[in-house]
There are 2 protein chains.
Amino acid sequence: MAILAGNPAHLLASIDLFSQISLHDLDKIALNATQHEYKKNEYLFHQGDPARRFCVLVTGKVKLTQLTEDGQQIILRYVSPGEAFAVIAVLSKIPYPVTATAVNQVSLLSWEDQKMLELMHQYPQLAINSLSILATRIQEFQDRFREIATERVERRIARALLRLASQTGRKLEHGILIDISLTRQDLAEMTGTTLYTVSRTLSQWEKDGLVSSQREQVTILSPHKLVVLAEDMSR
Amino acid sequence: MAILAGNPAHLLASIDLFSQISLHDLDKIALNATQHEYKKNEYLFHQGDPARRFCVLVTGKVKLTQLTEDGQQIILRYVSPGEAFAVIAVLSKIPYPVTATAVNQVSLLSWEDQKMLELMHQYPQLAINSLSILATRIQEFQDRFREIATERVERRIARALLRLASQTGRKLEHGILIDISLTRQDLAEMTGTTLYTVSRTLSQWEKDGLVSSQREQVTILSPHKLVVLAEDMSR
DNA sequence: CGCCTTATTGAAACCCCTCAAATTCAGTGG
DNA sequence: CCACTGAATTTGAGGGGTTTCAATAAGGCG
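Summarised in this report is the structure supplied together with it. Because the structure is a prediction, the values reported are computed rather than measured.

Before going further, it helps to examine the overall build of chain A. The number of helices and strands found in chain A is 9 helices and 12 strands. The C-alpha radius of gyration computed for chain A amounts to 19 Å, which stays within 12% of the reference 18 Å derived for 235 residues, consistent with globular compactness. Within chain A, the proportion of its 235 residues that are buried is 54%. The contacts of chain A with a sequence gap of at least 6 include a subset with a gap of at least 24, amounting to 68%. Entry remark: accessible area of chain A is about 10700 Å², with carbon and sulfur atoms responsible for 51%.

Residues and elements named next belong to chain B. Summarising burial for strand S5 (residues 73–79): 6 of the 7 residues are buried, a large majority. Examined bridge by bridge, strand S4 (residues 62–67) and S5 share 6 bridges and lie antiparallel to one another. Directly across from Gln 66, in S5, lies its bridge partner Ile 74. As consecutive antiparallel partners, S4 and S5 are separated by 5 residues, and within that stretch Gly 71 has a phi angle of approximately 90°, a positive value.

Mapping between the two chain copies consists of a rotation about an axis together with a translation along that axis. By a simple turn and slide, chain B fits onto chain A: the slide is 0.0 Å along the axis, the RMSD is 0.0 Å, and the turn is 180°. In symmetry terms, the pair is related by a two-fold rotation axis. Of the interface residues in chain B, 100% have counterparts in chain A that sit at the interface too, so the contact is made through matching surfaces.

So, about the environment of Glu231(B). Residue placement: Glu231(B) occurs in helix H9 (residues 223–231). For the pair Glu231(B) and Ile21(B), spaced 210 residues apart in sequence, the C-alpha separation works out to 39 Å. When sequence neighbours within four positions are dropped, the list of residues in contact with Glu231(B) reads Glu69(A), Arg155(B) and Arg159(B).

This brings us to the protein's contact with DNA strand C. DNA strand C sits among 19 residues. The nearest are Ser199(A), Arg215(A), Val153(B), Thr193(B) and Thr197(B). Within 4 Å of the protein, the contacting atoms of DNA strand C are drawn from sugar and phosphate to the extent of 62%. For DNA strand C, a phosphate oxygen lies 2.7 Å from a polar atom in the side chain of Ser199(A). Interatomic distance of 2.7 Å between a side-chain N/O atom of Thr193(B) and a phosphate oxygen of DNA strand C. Within the residue set of the surface near DNA strand C, elements represented by two or more residues are helix H8 (195–207) of chain A together with helix H8 (195–207) of chain B. Of the residues belonging to the surface near DNA strand C, the class tally is 3 nonpolar, 7 polar and 9 charged.

Looking now at the protein's contact with DNA strand D. By nearness alone, 20 residues border DNA strand D, and Val153(A), Thr193(A), Thr197(A), Arg200(A) and Ser199(B) come closest of all. Those atoms of DNA strand D that come within 4 Å of the protein belong to sugar or phosphate at a rate of 58%. Within the contact set of DNA strand D, a phosphate oxygen lies 2.7 Å away from a backbone nitrogen or oxygen of Val153(A). In this structure, Arg200(B) approaches DNA strand D through a side-chain N or O atom, which is 2.9 Å from a base nitrogen. Broken down by secondary-structure element, the contributors of at least two residues to the surface near DNA strand D are H8 of chain A together with H8 of chain B. Of the residues forming the surface near DNA strand D, the biggest block, 5 residues, is contributed by H8(B).

Here is what the cut-offs are and how they apply
- Residues numbered from 1 in each chain as written.
- Chains lettered and ligands numbered in written order.
- Predicted model: local features only at pLDDT ≥ 70, side-chain atom pairs only at ≥ 80, totals over all residues.
- Heavy atoms only, no water.
- Helix = DSSP H or I, 4+ residues; strand = E, 2+ residues; numbered from the N terminus.
- Rg over C-alpha atoms; globule rule 2.2 N^0.38 Å.
- Buried < 20%, exposed > 50% of the residue type's maximum accessible area, 1.4 Å probe, protein only.
- Contact = heavy atoms within 4.5 Å.
- Areas by Shrake-Rupley, 256 points an atom, 1.4 Å probe, with all protein chains shown as cover.
- Pairing = 2+ DSSP bridges.
- Least-squares fit on C-alpha atoms with pLDDT ≥ 70 in both.
- Near = heavy atom within 4 Å.
- Polar contact = N/O pair within 3.5 Å; in protein donor to acceptor, adjacent residues only side chain to side chain.
- Nonpolar A, V, L, I, M, F, W, Y, C, P; charged D, E, K, R; others polar.

Shape is all these values report; function is a separate question.
In structure tokens form, the structure reads like this:
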């Protein structure tokens, strides 16, 4: 809830959204931001809420999910520190199309939507940076759309794990631990399958020495073999 | 290839990308645009080409496709007049991630990428408009991602037809004609299935009086029943 | 310890893909 | 005008990847 403490402009400077903006301007932009904290599993906002704030994650992880009409849930993506989210709703003036949940202890900066629009008029670079962020995100969705449209479940799970590893992987001596609480159900909702199929797949991979999985936790033992699974073109 | 003839600023004024920009400014923006024409089935650019131009479709339809590593093709979307495309590549400074094909006779306006960036700095509203366009597009992709991840083929085909009808539908006395050349293969590439399944589905729908399909052409006879198929929640 | 959530595993059903073959259709050139 | 050709479409048969359902096991937490 507090206005930025410490050295606000420097905090912003390392974030993509604010690249190529002078420290002087960042100071003014930072003045309009408020800081929020959330505990693990707390909701930041719900799908359908009016979109009021433009958010940038500072620490922690945020999960963005969408509920289908018949009650199924899917995970759209995980947000990492430095990334902006809730950009879409603010810009298109519609309710939040997703639900945001704190995966762990989260701290974020946010701007009131109208204020952010003013700032973009004042500092066009801010709008242009947002554009390239959204552009990248569209491309990611196009890729995932292609994947889910053309690929088998096993490969999609492999890709999901690799993506997670690159975002939140922690290197251990025997492999890469995906360092968030991650259920089979979560993986299923990311890849468009069922928790049963995920469980079977992980069991098989465990036998093959590809991964080691515990409750709500996966460690990749052989990234290389997983990449082969994800990329290999021999059907 | 010609610089805009006729009344350039007015031509732009009705396009989303240029909303809330004064005619005076539009005149200057128009000065930097060039106009191109393409014949049916001609390629505007290929996936992998360096991205140089920011395009707005004036007349006709453009199909955006993506090729997978193993040679499968998917259709990402159809572009209608007034819509911008190739936005992503220019903004993120990567090669075109898609191939653009003229579905019929096409005329478009384009701006050189560097020039468009300058214009966005000069007229921030231009960047902000682009943002809300991209925001809408991401949402569309999120929705389609959810669909393809959670829904059965029949429903996905129903949705695809309804979307096409709203974009390029021509009202006839007995139904809505989807007014572009549209093969079973095309529908399959839009919905992540095979042309065989599309063919079977359309055959069944034809028996049920939902649609009437000929070669490369589909007419929706009962939009209402199709909506029920697309939206009905009883599994 | 008992409870609730998460995960595993088997069996059956089924949706959809794959392959093959036949058919229809539009365009082309004789 | 019609045979010829290649593309688009249809339809059947078979198989396989996934889902679904059910039952059991394993972990974490009060």
